[in-house]
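For reference, the chains in residue letters:
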Amino acid sequence: MREIEVRLHRDLPPARLWSYGGSSPGPTFETRTGQGLMIDWPNELPAHHFLTIDHSLHGAEADKPEVRGVVHVHGAKAPPESDGYPEDWYVPGKSRTYFYPNQQDAALLWYHDHAMGINRLNIYAGMFGLFLIRDGVEDSLNLPKGAYEIPLVIYDRLLRQDGELDYPVSGDPAHPWVPEVFGNVMMVNGKAFPYLNVESRLYRFRALNAANGRFFHLSLSNGRKFYQIGCDQGLLPAPVAIESTMLAPGERADFLVDFSGLEGQQVVLMNDSFMLMQFRVSAAKPGAASALPSRLRPVPKMAEQAAVKTRPLGLIENMNMRGESMQMLLNRTPWHMPVTENPALDSVEIWTFINTTEDSHPIHLHMVRFQILDRRNFEPYYYLARGEIRYTGPVVPPDPEEAGWKDTVRAHSKMVTRIIVKFEGWVGRYVWHCHVLEHEDNEMMRPYDVVAG
Ligand code: C2O
Ligand code: CU
């Protein structure tokens, strides 16, 4: 963890960022299933934070050191002592060695800061990077690789005229926290509005939404269909032809784009009607072509009857007298309260997210992968008053491109979203939380315990 100065665009002066290993995004780890990896994560950050800390937030009180860090590999099935528990932060001059067994399917994971109460600031400052796991199933599919497999880390930032990062504050000096941050500049792989030279052939893109709060709705400017082949935790059963795909903070999409027949043209990767980046297409070099496989990796559907427990979990926002957001809660329970979610090791549970708020919240569980069962509209006010769910719409199955193994799910506004999870891995303390980082830092995170079965 280190402070750096980098140009976010050719025409801008350098900006101060915080990084892993001297770049943001940090270096990409590439490993294989079953090949364990030990990583030292020394904290070499300066003594003072350059973004405004809200000392009224839990875990960021004025008696805590300003600069703290702890690394979590998002989507990793890791033992609790290597998972980057938010309270396990350490200060400059200290380090931790974490072990990642990588006993899991090929997938695009990512690593980022998780320090209690300032996580949103550290990630915004640049502390994130990619972590790829590969395996034999993926190898056998003859997917585009090397120069034809491109990671896309997508996020937004507010940049000042002088090129420096800006992080907004509320205007109340005692509570500078804001409920959401949206940038004025779209970033891909550390650059504002970049372009990429591509050949007129098939490419594989590994996209991650690393934004604090913005959802990206990706499409191509020429309207061409592309093929989603994977989501958070790996490959889908078969490619899904789509015109657009949605990514909430923390989610990943693995997709193939065919640029053939587009020599000399420019294609823009769009977020709705806004430009993210440009592809400049030239003729394909002769060489081994790759084709779209018809089958990928089977994803056996988990049976609801296997669940030993169903947990109804309300997502609730507290407002002040002026109708301004004050905090977000999971099941009306702040972080410091005793653990309420305590699944047994290797048991299957259904978690039901009852979203009473106006926002969609991407809910992430550490250590495990899960499947989305369904979503359904309900009456939030009736639920808030009576604690009972009254449905107002039909059961909606997950979209085909999210019908694989997930670790982050969009719990839509005024909907009940159900997931089914097997708690495989280790006994110990983990967390689950909303991945809108402003929500996470203001009580939308809870510890959970996996207990001996
Ligand atoms: Cu992306 Cu708790 O993590
Ligand atoms: Cu949220």
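Bear in mind the structure is a predicted one, so any value in this text is a computation, not a measurement. (Residues numbered from 1 in each chain as written. Chains lettered and ligands numbered in written order. Predicted model: local features only at pLDDT ≥ 70, side-chain atom pairs only at ≥ 80, totals over all residues. Heavy atoms only, no water.)

J.: Help me understand the overall build of the protein, please; the structure alone is not making it clear to me.
T.: Helix and strand content of the protein: 4 helices and 30 strands. Here the C-alpha radius of gyration of the protein, 21 Å, is about what a compact globule of 453 residues would show, namely 22 Å. Principal-axis analysis of the C-alpha atoms places the extent of the protein at approximately 60 × 55 × 45 Å. Counting over 453 residues, the protein shows a buried share of 57%. Put simply, 77% of the contacts in the protein that link residues at least 6 apart link residues at least 24 apart. Here the protein has roughly 17900 Å² of accessible surface; of this, 52% comes from carbon and sulfur atoms. (Helix = DSSP H or I, 4+ residues; strand = E, 2+ residues; numbered from the N terminus. Rg over C-alpha atoms; globule rule 2.2 N^0.38 Å. Buried < 20%, exposed > 50% of the residue type's maximum accessible area, 1.4 Å probe, protein only. Contact = heavy atoms within 4.5 Å. Areas by Shrake-Rupley, 256 points an atom, 1.4 Å probe, with all protein chains shown as cover.)

J.: When you look at the nonpolar core in this model, what are you seeing that I'm missing?
T.: The nonpolar side chains of a soluble globular protein tend to be buried, and buried together. Residues L152 and F259 are the most contacted members of the largest nonpolar core, which totals 92 residues. By residue number, the principal contributor to this core is strand β9 (residues 149-159), which donates 7 residues. Not counting residues up to four positions away in its chain, the partners in contact with F259 are V198, E199, S200, R201, Y203, F205, R224, V267, F279 and V281. Counting 24 residues, the second-largest nonpolar core is a separate cluster that includes W351, A411, I419 and V421. (Core = buried A, V, L, I, M, F, W, Y, C linked by side-chain atoms within 4.5 Å.)

J.: I tried to follow the state of the cysteines on my own but got confused; where do I start?
T.: By definition, a disulfide links the sulfur atoms of two cysteines through a covalent bond. Overall, the coordinates contain 0 disulfides when judged by the stated rule. Not part of a disulfide, C231 finds its nearest cysteine sulfur in C434, a span of 19 Å. For C231, a relative accessible area of 6% puts it in the buried group. (Disulfide = S-S within 2.5 Å.)

J.: What is the right way to look at the coordination of the copper ion (ligand 2) in this model?
T.: For a metal bound by four donors in tetrahedral geometry, the ideal donor-metal-donor angle is 109.5 degrees, whereas six donors in octahedral geometry ideally sit at 90 or 180 degrees. Surrounding the copper ion (ligand 2) are the protein donor atoms H361 (ND1), C434 (SG) and H439 (ND1), which sit 1.9 to 2.1 Å from the metal. Written as a sequence motif, the donor arrangement for the copper ion (ligand 2) is H-x72-C-x4-H. Of the two residues, H361 sits in strand β25 (residues 361-365) while C434 sits in strand β29 (residues 428-434), which places them 73 residues apart along the sequence. Residue H361 shares its accessibility class with C434, and that shared class is buried. (Donors = N, O, S within 2.8 Å, 3.2 Å for Na, K, Ca; no water.)

J.: Even after reading the chapter, I still don't get the packing of aromatic side chains, so can you show me in this structure?
T.: Given two aromatic rings, their pairing is described by the distance between the two centres and the angle made by the two planes. For the structure on display, the rule yields 26 aromatic pairs. Geometrically, the ring pair formed by F29 and F131 is tilted, given 5.7 Å between the ring centres and 35° between the ring planes. Of this pair, F29 sits in strand β3 (residues 26-32) while F131 is found in strand β8 (residues 128-134), placing the two residues 102 residues apart along the sequence. For F29, a relative accessible area of 21% corresponds to the partly exposed category. (Phe/Tyr/Trp six-rings, centres within 6.5 Å; stacked < 30°, edge-to-face > 60°.)

J.: How should I be thinking about the sheet that holds strand β21 (residues 274-282) in this particular structure?
T.: In space, the 5 strands of this open sheet follow the order β13-β21-β20-β15-β18, with mixed pairing throughout. Across the chains shown, the open sheet's two edge strands, defined by having one partner strand only, are β13 (195-199) and β18 (245-247). Here the strands of the sheet are splayed against their neighbours by 25° on average, with no regard to which way each runs. As judged from the 3 bridges shared by strand β15 (residues 216-220) and β18, these two strands associate in the antiparallel manner. Bridge pairing in β18 places H217 opposite M246. (Pairing = 2+ DSSP bridges. Axes fitted to C-alpha atoms, helices over the stretch in contact; angles between N-to-C directions.)

J.: Just checking my understanding: could you explain unusual backbone geometry for this structure?
T.: Trans is the common state for peptide bonds, and a negative phi is the common state for residues other than glycine. In this structure, the amide linkage connecting S24 to the following residue, P25, adopts the cis form with an omega of -5°. Locating P25 in the fold gives a position in the loop between β2 (15-19) and β3. Of note, R332 is a non-glycine position whose phi angle comes to about 55°, a positive value. Checked against the element boundaries, R332 lands in the loop between β23 (325-330) and β24 (348-355).

J.: Where do I start with the pattern of salt bridges in this structure?
T.: Pairing between side chains of opposite charge can happen when their charged atoms approach one another. A complete count under the given rule lists 35 salt bridges for this structure. For K64, the salt bridge is made with E61, and the minimal N-O distance between the two is 2.9 Å. Overall, the relative accessible area of 28% leaves K64 in the partly exposed class. Looking at E61, the relative accessible area reads 26%, which means it is partly exposed. The salt bridge involving E138 is made with R206; its shortest N-O contact spans 3.7 Å. Linking E138 in helix α2 (residues 136-139) with R206 in strand β14 (residues 202-209), this pair joins segments that are 68 residues apart in sequence. Here E138 and R206 have matching classes, each one buried. (Salt bridge = Lys/Arg side-chain N within 4 Å of Asp/Glu carboxyl O.)

J.: Could you clarify how one ought to interpret the environment of R201 in this entry?
T.: Inspection of the secondary structure puts R201 in the loop between β13 and β14. Expressed as a C-alpha distance, the spacing of R201 and K285, which sit 84 residues apart in the sequence, is 8.9 Å.

J.: Looking at this structure, how should I read the pairing of β23?
T.: Regular strands place side chains that alternate from one sheet face to the opposite one. The pairing of strand β22 (residues 309-319) with β23 spans 5 bridges and is classified as antiparallel. Looking across to β23, one finds that L315 is bridged to L330. Joining the antiparallel neighbours β22 and β23 is a turn of 5 residues, in which G323 adopts a positive phi near 80°.

J.: Sorry, what's going on with the environment of A306 here?
T.: Turning to its location among the elements, A306 is positioned in the loop between β21 and β22. Sequence separation of A306 and S347 is 41 residues, and the distance between their C-alpha atoms is 8.5 Å.

J.: How should the environment of M328 be read in this particular structure?
T.: Looking at the secondary structure, you find M328 in strand β23. Along the chain, M328 and P176 lie 152 residues apart, while their C-alpha atoms are 16 Å from each other. Not counting residues within four places of it along the chain, the set of residues in contact with M328 comprises P179, I316, E317, H361, H439, N442, E443 and M444.

J.: Before we go on, may I ask you to explain the sheet that holds β8 in this structure?
T.: Spatially, 4 strands are ordered β3-β8-β7-β5 in an open sheet, and the strand pairing comes out mixed. Since the sheet does not close on itself, it has two edges, and those belong to β3 and β5 (71-74), each with one partner. Across this sheet, the average inter-strand angle for adjacent strands is 20°, counted without regard to direction. Looking at chain direction, strand β7 (residues 107-113) and β8 are connected through 6 bridges and run antiparallel. In the strand pairing of β8, H112 is matched with F128.

By themselves, these figures tell us nothing about what the structure is for.
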